[in-house]
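Each chain, written out:
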Amino acid sequence: MKKTQYEIWFLTGSQTLYGDEALRQVDADSRVVADGFNASGKLPCTVVYRGTVKSSEEIVKRFREANAADQCVGVMLWMHTFSPAKMWIKGLHLLRKPILHLHTQFMKEIPWSEIDMDFMNLNQSAHGDREFGHIMARFKKPRKVVVGHWEDPEVHERVAAWARMCNAWCELNNLRVIRFGDQMNNVAVTDGDRVSAEMTFGFHVDYCPVGELAAAVAKVSESDVDALVNEYETLYEFADDCKANGANRGQVREAARIELGLRETLEKWNGKAFTTNFDDLYGLNQLPGLASQRLMNEGYGFGAEGDWKTAALVRAMKVAAEGLPGGTSFLEDYVYHLKGKGAILQAHMLEVCPSIAKSKPRMEVHPLGIGGKADPARLVFTAQEGPGVAATFVDLGGRFRMIVNEVDCVPPEADLPKLPVARAFWTPRPDLKTSAAAWILAGGTHHTCFSSALTREHMEDFAEIAQIELDIIDSDTNISDFRRELRWNEAFYSK
Ligand code: MN
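A quick note: this is a predicted structure, and the numbers were derived from the prediction, not measured.

S.K.: Tell me about helix 1 (residues 20-39), and name the residues and values.
M.R.: An ideal rise of 1.5 Å per residue puts 28 Å on 20 residues; helix 1 measures up with 28 Å between its terminal C-alpha atoms. Looking only at helix 1, the buried set comprises A22, L23, V26, D29, S30, V33, A34, G36 and F37. Viewed along the axis of helix 1, the buried residues span an arc of 155 degrees, placing them on a single side of the element. Turned more than 90 degrees from where helix 1 packs its buried face, D20, E21, R24, D35 and A39 sit exposed. For helix 1, the secondary structure elements touched by its buried residues are strand 1 (7-13), strand 2 (46-53), strand 3 (72-79), strand 4 (99-103), helix 4 (117-122) and helix 6 (153-173). Remark: G41 follows helix 1 within two positions and exhibits a positive phi of approximately 75 degrees.

Right under this line is the structure:
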């Protein structure tokens, strides 16, 4: 999908007290720091140094420019010298972009034999950044604080994680989620307040009649279907009955036709995330399973059964994960393996993204047993082993709560010859009993967004930027503490 060139604006705080020569040095050092981040190759966007600010007026001017600049997704701030923090007040009232407070120092080590009072005055982020931290705390500003030398790879990684979520946040603010059909009847957790969601996250949930999708599918030319099925054959293994002249070849062609119609409709509606509902497929031959798998793999967000929240989150996490190893997919908790630490078989009817596949997906056609449509085509595979995060956010009525579980994908203990759907098999940390109890106490969904490309730090940064509650279930979770955390969060977030 089309990429936007985003920027992180880097501003250095100082004051006029030190004289021009010191300020020239602050300016030169700041350029070197910005260049260092760009040269690290870790950041998903460009760091643009926007100057050293020395007065309230300069800060207001720069922050107004940041607010107005579409390409500016976040602001990184560093106090090279002391910068009296009252001069930041007017600007901080205005700034609406995500903030990272970089607490670094130009020189990595103290130059023992050279250090004098001029050096001390020039390199005093140790107290300049504390002064700045005070006013940020006083404002209760959501922000990330990253500490360490600006050449430290760990500092690059931490700034990069935040920058990735800034990109995702910008995309989410401008996202349109297209729903084909409504929620699955009577399901609570996949629904919620779409007005609150737009106020909190910026994304708009729209609705396209399934009949319009069906009409677009019906207009797809046979030659376009031929070309797409040829492409499938280069990318995937094919079951015998899906090969040319096979009994199910026609269903593969129908799936390709649906993919082409769905892509065209999403482009027309400017939707980068979408939902379907197996119970509302008027005019379509089969559930758009294969189409959902392939569009997710291109970067679209997806949620089944009308789950617009998960669709939006999948899109945001895919934007954040761009260029990282690993994959990101919609998934659903299906069946437990109550043995040892326990594990969960993750799948869906069909709609799992091939970006998480361990090996070449296999094209198969089988009955769905639900929804009353013809047998749908799907890509069958097992997820790559390794760590990842399973994330969701739920509407608690008046506010949103994000829940993230660190999980470890493991190989299934045996083949699953009678289960022709894509799947992941994971042990949630710290173990199934604790994880499932915590997840259920928090009111988490059965649908999640899984990513092996992102970590808890990305999700922490996301929740901080979005200013929503985040409850993390990890190897340190115990239920007594988790229950207390939920209650404390209830008090903190219920305003
Ligand atoms: Mn589902």
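S.K.: Could you give me a rundown of the pairing of strand 11 (residues 328-337), with the residues and numbers involved?
M.R.: Here is the key point about a regular strand: its side chains alternate between the two faces of the sheet. Alignment of strand 11 against strand 18 (residues 447-451), held across five bridges, turns out to be antiparallel. Bridged to F330 within strand 18 is C449. Across five bridges, strand 11 lies against strand 12 (residues 343-347) in antiparallel orientation. Opposite H337, over in strand 12, you have A343 as the bridge partner. The hairpin formed by strand 11 and strand 12 contains five residues between the paired strands, and G340 there has a positive phi angle of roughly 60 degrees.

S.K.: Go over the packing of aromatic side chains, please, and point to the residues and values.
M.R.: Here the structure, examined in full by the defined rule, presents 18 aromatic pairs. Each ring, one from F393 and one from F400, has its centre 5.8 Å from the other, and the planes form 75 degrees; the classification is edge-to-face. In this pair, the class of F393 matches that of F400, namely buried. Taken together through their ring pairs, the aromatic side chains of W169, F201, F203, W308, F393, F400 and F462 make up a single cluster.

S.K.: How would you summarise the pattern of salt bridges if you had to cite specific residues and measurements?
M.R.: Between side chains of opposite charge, pairing is possible as soon as their charged atoms come close. As enumerated under the stated definition, the model contains 38 salt bridges in all. Here K54 and E58 are joined by a salt bridge, their closest N and O atoms 3.3 Å apart. Given a relative accessible area of 28%, E58 falls into the partly exposed group. Two residues, D182 and R179, come together in a salt bridge whose shortest N-O distance is 3.2 Å. D182 gets classed as partly exposed once you look at its relative accessible area, which sits at 44%. Overall, R179 belongs to the buried group, its relative accessible area being 5%. Here the salt bridges do not stand alone but share partners, grouping E406, D408, R429, R456, E460 and D474 into one network.

S.K.: Describe the sheet that holds strand 8 (residues 237-238), naming the residues involved and giving the relevant values.
M.R.: The mixed open sheet is built from three strands, whose spatial order is 8-13-14. Looking along the sheet, the strands with just one partner apiece sit at the ends: strand 8 and strand 14 (377-380). As defined by bridge partners, strand 8 adjoins strand 13 (residues 362-365) across two bridges and the pair is classed as parallel. Bridging from a neighbouring strand, F238 pairs with M363 of strand 13.

Cut-offs and rules
- Residues numbered from 1 in each chain as written.
- Predicted model: local features only at pLDDT ≥ 70, side-chain atom pairs only at ≥ 80, totals over all residues.
- Heavy atoms only, no water.
- Helix = DSSP H or I, 4+ residues; strand = E, 2+ residues; numbered from the N terminus.
- Expected span 1.5 Å × (residues − 1).
- Buried < 20%, exposed > 50% of the residue type's maximum accessible area, 1.4 Å probe, protein only.
- Arc of directions from axis to C-beta.
- Contact = heavy atoms within 4.5 Å.
- Pairing = 2+ DSSP bridges.
- Phe/Tyr/Trp six-rings, centres within 6.5 Å; stacked < 30°, edge-to-face > 60°.
- Salt bridge = Lys/Arg side-chain N within 4 Å of Asp/Glu carboxyl O.

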